[in-house]
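# Architecture at a glance
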Amino acid sequence: MTNRSVIIDTDPGLDDAIAVLFAFGSERFNVLGLTTVAGNIGIERTTANAASLATLMGRGDVAIARGANAPLVRNAIDEVAIHGNDGLGGVTLASGQNPVTAPAHLWMAEQLRAAPAGSIDILALGPLTNLALLIQHDPEAARRIGRVIAMGGAIVEKGNVGPRSEFNFAVDPEAAEMVFGFGFDLTLIPLDVTRKVRADEGYVASFNGTPHGDVAAKLLEAYFLDGRQSRPLHDPCVMLYALEPEIFGIEELTIALDLTDDPGALVVSNAGVPLKVAMTVDVQKTLDLLHSGFVS
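Before going into details, it helps to say that this report is about the structure given with it. Keep in mind the model is a prediction, meaning the values are calculated, not measured.

Applying the stated criterion to the full structure yields 6 aromatic pairs. The interplanar angle of 85 degrees and the centroid separation of 5.4 Å between the aromatic rings of F169 and F180 together place this pair among those described as edge-to-face. Taken together, the residues span a long stretch of sequence, with F169 in helix α7 (residues 167–171) and F180 in helix α8 (residues 173–181) at a distance of 11 residues. When sorted by exposure, F169 lands in the same class as F180, which is buried. Between F182 and F184, the ring centres sit 4.9 Å apart and the planes meet at 50 degrees, which makes this aromatic pair tilted. Judged by relative accessible area, which is 13%, F184 ranks as buried. A connected cluster of aromatic rings, assembled from ring pairs, spans F22, Y203, F207 and F294.

Below you can see the structure in the form of structure tokens.
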């Protein structure tokens, strides 16, 4: 079977880095490019990290396209406290290639117009600003996207920024609202499942043995510097769903976004739009699948 073509929209970030390395290492994706967004840390660093990850995997053919350096209308939020000043918890990677000259949303549009409609999926690991800009500037190109799989939000789980809001949507709720309402084949992977998929020290140790597995182990080890015994693997769940959606239990929920009291919070409401939302997950199968992308 031909590998599905994807563009990974990302803000690396520790768990983003694990997701990107898995996508390359599994050899089950045709990765066309990494588009970057200022989410976990500023755009210069997220772009440099994305380029370094591609270089580590020997993928100099993969385009790196620098995207939005700020949300559509709000001030940025960063996660330096979790991901470190370099975004990778102090794990040093070799420098990668320079980004392409076109901004990420315009580069996306070029790829979408050059490929058959519906043949390119977007795997969104950060705030949805680049997709919102694509909708604003070239809605016809945006309509050529196959699937959008986005990590973000919380339904029953509490938030990690506000009482109910999750980081990716809290950073740019206006962008998320635009993406939700556009009519994409969109699946959300919220905290309700990602918090169940956790790495502990024993799991991390099992990654050693391949060059990118060794790096993944170091990245995961950086997650434990605060003394916690396990950490959720948020962004890798997007890749795992893209490959084996049957591992996840999907519900169709009518979702609206809070833009005022707890910006970015998801509200199940008749005033919202119907979206597919992952609400359950087979934890062992997700961990096994993720592991398979890092071992020889």
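A few words now on the pattern of salt bridges. The final tally for this structure, using the stated rule, is 11 salt bridges. For R59, the salt bridge goes to D61, with nearest N and O atoms at 2.9 Å. Judged by relative accessible area, R59 falls into the partly exposed class, the value being 22%. Among the salt bridges present, the one from D121 reaches R147, with a minimum N-O distance of 3.0 Å. Taken together, the residues span a long stretch of sequence, with D121 in strand β4 (residues 120–124) and R147 in strand β5 (residues 145–151) at a distance of 26 residues. Judged by its relative accessible area of 0%, D121 is buried. We classify R147 as partly exposed; its relative accessible area is 23%. Sharing partners across several salt bridges, the network here consists of R4, D121 and R147.

How each quantity is defined
Residues numbered from 1 in each chain as written. Predicted model: local features only at pLDDT ≥ 70, side-chain atom pairs only at ≥ 80, totals over all residues. Heavy atoms only, no water. Phe/Tyr/Trp six-rings, centres within 6.5 Å; stacked < 30°, edge-to-face > 60°. Helix = DSSP H or I, 4+ residues; strand = E, 2+ residues; numbered from the N terminus. Buried < 20%, exposed > 50% of the residue type's maximum accessible area, 1.4 Å probe, protein only. Salt bridge = Lys/Arg side-chain N within 4 Å of Asp/Glu carboxyl O.

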